[in-house]
Amino acid sequence: MAYLLVYVFWAIPTGAMFLWIAFVPEKLSLFLGIETVPVLVRSVSGVFGIVLLGASLSALRHNLRLQMIIRRDEPQPAQVSISVEEGSDTTTYTAIVSNNGSDTIWRAPVYGNKAVERLLDGSARSVEAWSDDCNGAPIALRVDGRLVFTYPKATRTHRSVRS
């Protein structure tokens, strides 16, 4: 996952730099040639550092957990179709996933890639899906040998059974 590189090489060091500016201002004063760093600059830098470090460590933990589930568990057969919502400058792909033998349907936003493009014909196709340990939401799909990851917020509905 390319996002891991963003967290490790950009977000975490940038958050650490903001915290360094907030908590060790005398070193910054020597570096910039100023006498003191204003309190406003230190406080804003501290807030940005804490938010950036917290968000990137949380996202890193989530991505590593997904990788662990994919390596540990076997995928289950499922049916999936993709719905597309186009805005003025964005396109959102939502996978409608139903596990074989279950009456639960999951609507999970997915990251767009070449595998998603193969599913855009609107018909339901058989794929393999990995489910989350906690709630059973789909976290990844294997479409023609390619992985498609879902966003963390999937919603569950039940098929209506008519007599």
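Residues numbered from 1 in each chain as written. Predicted model: local features only at pLDDT ≥ 70, side-chain atom pairs only at ≥ 80, totals over all residues. Heavy atoms only, no water.

Q: Explanation requested: the confidence of the model for the chain in the structure shown.
A: Any residue range with low pLDDT should be treated as having predicted coordinates unsuitable for detailed reading. Per-residue confidence for the chain averages 80 on the pLDDT scale, and 88% of its residues sit at or above 70. Looking at the elements of the chain, mean pLDDT is at its lowest for strand β7 (residues 155-158), recorded as 67, and at its highest for helix α3 (residues 39-72), recorded as 89. (pLDDT = per-residue confidence, 0-100. Helix = DSSP H or I, 4+ residues; strand = E, 2+ residues; numbered from the N terminus.)

Q: Please clarify how the environment of alanine 115 should be interpreted in this entry.
A: Mapped onto the secondary structure, alanine 115 falls in helix α4 (residues 114-118). For alanine 115, a relative accessible area of 0% gives the class buried. Linking alanine 115 and valine 143, residues 28 residues apart in sequence, is a C-alpha distance of 5.8 Å. Ignoring any residue separated from it by four or fewer positions in sequence, one finds alanine 115 in contact with Val143, Arg146 and Val148. (Buried < 20%, exposed > 50% of the residue type's maximum accessible area, 1.4 Å probe, protein only. Contact = heavy atoms within 4.5 Å.)

Q: I keep staring at the pattern of salt bridges and nothing clicks. Help me out?
A: Where charged atoms from two side chains of opposite charge approach closely, those side chains can pair. For the structure shown, the criterion picks out 4 salt bridges. The shortest N-O distance in the salt bridge between arginine 125 and aspartate 144 comes to 3.2 Å. In this pair, arginine 125 is assigned in strand β4 (residues 125-131) and aspartate 144 in the loop between β5 (138-143) and β6 (146-149), connecting sequence segments 19 residues apart. One salt bridge connects glutamate 128 with arginine 142, and the closest N-O pair in it is separated by 2.6 Å. With glutamate 128 in strand β4 and arginine 142 in strand β5, this pair connects stretches of sequence that are 14 residues apart. The exposure class assigned to glutamate 128 is partly exposed, which follows from its relative accessible area of 30%. (Salt bridge = Lys/Arg side-chain N within 4 Å of Asp/Glu carboxyl O.)

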